[in-house]
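Per-entry structural report
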Amino acid sequence: MSETNSLIQIKGLRDGLLVSLDDAPWEEQRVALLTQVDSQQAFFQGARLALDVASQVLHVNELVELRDQLSERGISLWAVISESPTTEKTAQLLGLATRISKPRPEENRHFSVENLGEETALFLSRTLRSGTRIEFAGHVVVLGDVNPGAEIVAEGNVIIWGRLRGMVHAGAKGNRNAIICALDLSPTQLRIAEEVSAILKPRENPEPEMARINKDGKLQAELWSPG
Amino acid sequence: MPAQVITITSGKGGVGKTTAVANLAVGLALEGAKVVCIDGDIGLRNLDVILGLENRIVYDIVDVIEGRCRLKQAMIRDKKLPELYLIPAAQTRDKNAVSPSDMNRLIKDLRNDCDFVLIDSPAGIERGFKNAIAAADRVLVITNPEVSAVRDADRVIGILEAEGKGPGALIINRLNPTLVKNHNMLSADDVLDLLAVELIGVVPEDENVIISSNRGAPVAFDSKSKAGQAFRNIAKRLRGEKVPFLDLDHTGGLWQQLQRLTGRK
């Protein structure tokens, strides 16, 4: 996605938009940017915006003004990239990032592994809280709880050594032999391949259970028995 | 000794953040500490109303940050407690008027000037929340015994952990012992079971909280109110005192449960 007009360039990044300005007078550029934003409200609404200002020298009041004007339009300015040390300092003063290569703290992690063998697993030794999403192209093992609002999407099996109360999707690429095990299986929802099941009442005395797709093609949980 | 900076936050709105800040500030000041509370909810300020200081506001936090006044000029002294101050939020700006580094600088100037800085966070997990936790030494997460509020608290605790602000300590607000006993409300036990963090206080449902908030005199001034007592106890715990939890259901059961749970850590 790319937009050009005389002064500004807009590019889509993985985590927001990058707007590049040139060395034309700041006031002109600011107006051009805001005009562009106003003419494409739906596109910009809620965007995270990084601004490359080339060698513009900008002071606090100028950046604050722009930041406020963008924020009034539902856009959050998070980074200002500049060749000018003064502008960089200004940006830092305002708590803005000055580099965009550094990834922001990610809660939604997508782990990818090259040469994925059949036995590749991701081991997580912590509790997954609401808002966490784990995606993995193999098995996932969690030593801890999966709280409501947390999600695990795995291409293989998912084993929770703890309480499963969030959402788990095993066999996400269509493997109907995938299984989901938990010491306490009380999820908001379970999925294996394309099967979806909203389970079950939480039990007074939970016991380890394993969910799989049974002979009739239904997603079913049963008490885990060794051997 | 430099001040302890404590942020009160929740994720969900309406669970009692502002009420808690006002009451903990009063509780700490009653104990003789010098307290500055900061309203971090820029654009939707409330803390001044609950503290009854609304009509004294001349300068606000954005004025300090943008250099229109000195820090001291924006600190409003409480009517009753001379060691309690409020730095109000701006009502005519929004969260983006302040950045996390602005907050860090402001708090740095306050640190050597008082014993406690209490920051009231806005609802949500966006800019305002990031501002509110930027300078915190310690974060108190407040929740109600309701599934939706607990879910949001869980999310907030996750973010705090990710940002290196520790898991925080938990206040359970508006617990109704009768509803809990009849299994119509989550118990403190249920909430802790899910969130697995340190519990620093349980505040019972109490209509005096609303009455006193409307009057601009926080319930912590009221020696007969159980909620007021609960807030004063939390204030003491913030000062490092060991105070037993209130017996809310008159059977001793809850207290023992709490003791067991907090001992578990």
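Look up a bit, the structure's there.
The structure contained in this document is the topic of the report that follows. In this text the structure is predicted, and so the values were computed from the model without any measurement.

**Some thoughts on the overall build of chain B**
Helix and strand content of chain B: 12 helices and 8 strands. Here chain B holds 265 residues, and the buried ones make up 53% of them.

**Some remarks on the interface of chain A and chain B**
The interface is formed by 17 residues belonging to chain A together with 17 residues belonging to chain B. Residue contributions to the side of chain A that touches chain B peak at 3 residues, all from helix H3 (residues 60-72) of chain A. In the side of chain A that touches chain B, the residues fall into 4 nonpolar, 9 polar and 4 charged.

**Overview of the sheet that holds strand E8 (residues 198-204) of chain B**
All names here are of chain B. Sheet architecture is open: 8 strands sit in the order E3-E4-E2-E5-E1-E6-E7-E8, paired in mixed fashion. Unpaired on one side and paired on the other, strand E3 (76-77) and E8 mark the two borders of the sheet. Along the sheet, helix H6 (residues 127-134) makes contact with strand E1 (4-9), strand E5 (116-120) and strand E6 (138-143), crossing E1 at roughly 155°. Helix-sheet contacts for helix H11 (residues 226-238) involve E1, strand E7 (169-175) and E8, and the interaxial angle to E8 is about 160°.

**Focus on the nonpolar core**
When a protein is soluble and globular, its nonpolar side chains tend to lie buried together. Core analysis: the biggest nonpolar cluster contains 85 residues, and Leu-24, Ala-25, Ile-61 and Leu-118 of chain B have the highest contact counts within it. Once residues within four sequence positions are removed from consideration, Leu-118 of chain B is found in contact with Ile-6, Ile-8, Val-21, Leu-24, Ala-25, Val-35 and Cys-37 of chain B. Among the nonpolar cores identified, the runner-up in size contains 28 residues, and Leu-124, Ala-150, Ala-154 and Ile-213 of chain A belong to it.

**Structural notes on helix H10 (residues 207-215) of chain B**
All names here are of chain B. Residues of H10 that are buried: Val-209, Ser-212 and Ser-213. Taken around the axis of H10, the buried residues stretch over an arc of 105°, which confines them to a single face. For H10, exposure combined with an orientation more than 90 degrees from the buried face picks out Glu-207, Ile-210, Asn-214 and Arg-215. Each element contacted by the buried residues of H10 is listed here: helix H1 (17-30), helix H2 (47-50) and H11. Looking one or two residues beyond H10, the residue adopting positive phi is Gly-216, at roughly 75°.

**Quick look at the environment of Val-191 of chain B**
All names here are of chain B. Along the polypeptide, Val-191 turns up in helix H9 (residues 188-195). With 47 residues separating them in the primary sequence, Val-191 and Asn-144 have C-alpha atoms 8.9 Å apart. Ignoring anything within four residues of it in the chain, the contact list for Val-191 reads Thr-143, Pro-145, Val-150, Ile-172 and Leu-186.

**Some remarks on the pairing of strand E5 (residues 76-81) of chain A**
Residue and element names in this part refer to chain A. Of the pairings in the sheet, the one linking strand E4 (residues 48-52) to E5 comprises 5 bridges and is parallel in character. When the bridges of E5 are listed, Arg-48 appears paired with Ser-76. With H3 bridging E4 and its parallel neighbour E5, the resulting β-α-β unit is right-handed.

**Considerations on the sheet that holds strand E7 (residues 121-124) of chain A**
All names here are of chain A. Strand order across the open sheet formed by 6 strands is E7-E9-E11-E13-E16-E17, with mixed pairing between neighbours. Among the strands making up the open sheet, the edge pair consists of E7 and strand E17 (219-223). When the angles between neighbouring strand axes are averaged without regard to direction, this sheet yields 25°. Across 3 bridges, strand E13 (residues 180-185) lies against strand E16 (residues 209-213) in antiparallel orientation. Its bridge partner lying in E16, Ala-182 is registered against Glu-209.

**Brief notes about the environment of Gly-46 of chain A**
All names here are of chain A. As for its position among the elements, Gly-46 is in the loop between helix H2 (41-44) and E4. Classification of Gly-46 by C-beta neighbours within 10 Å gives exposed; the count is 9. For the pair Gly-46 and Ile-75, spaced 29 residues apart in sequence, the C-alpha to C-alpha distance is 5.1 Å.

Definitions and cut-offs
Residues numbered from 1 in each chain as written. Chains lettered and ligands numbered in written order. Predicted model: local features only at pLDDT ≥ 70, side-chain atom pairs only at ≥ 80, totals over all residues. Helix = DSSP H or I, 4+ residues; strand = E, 2+ residues; numbered from the N terminus. Buried ≥ 20, exposed ≤ 12 C-beta atoms within 10 Å, placed from the backbone. Contact = placed C-beta atoms within 7 Å. Nonpolar A, V, L, I, M, F, W, Y, C, P; charged D, E, K, R; others polar. Pairing = 2+ DSSP bridges. Axes fitted to C-alpha atoms, helices over the stretch in contact; angles between N-to-C directions. Core = buried A, V, L, I, M, F, W, Y, C linked by C-beta atoms within 7 Å. Arc of directions from axis to C-beta. Right-handed = clockwise from strand over helix to strand, strands pointing away.

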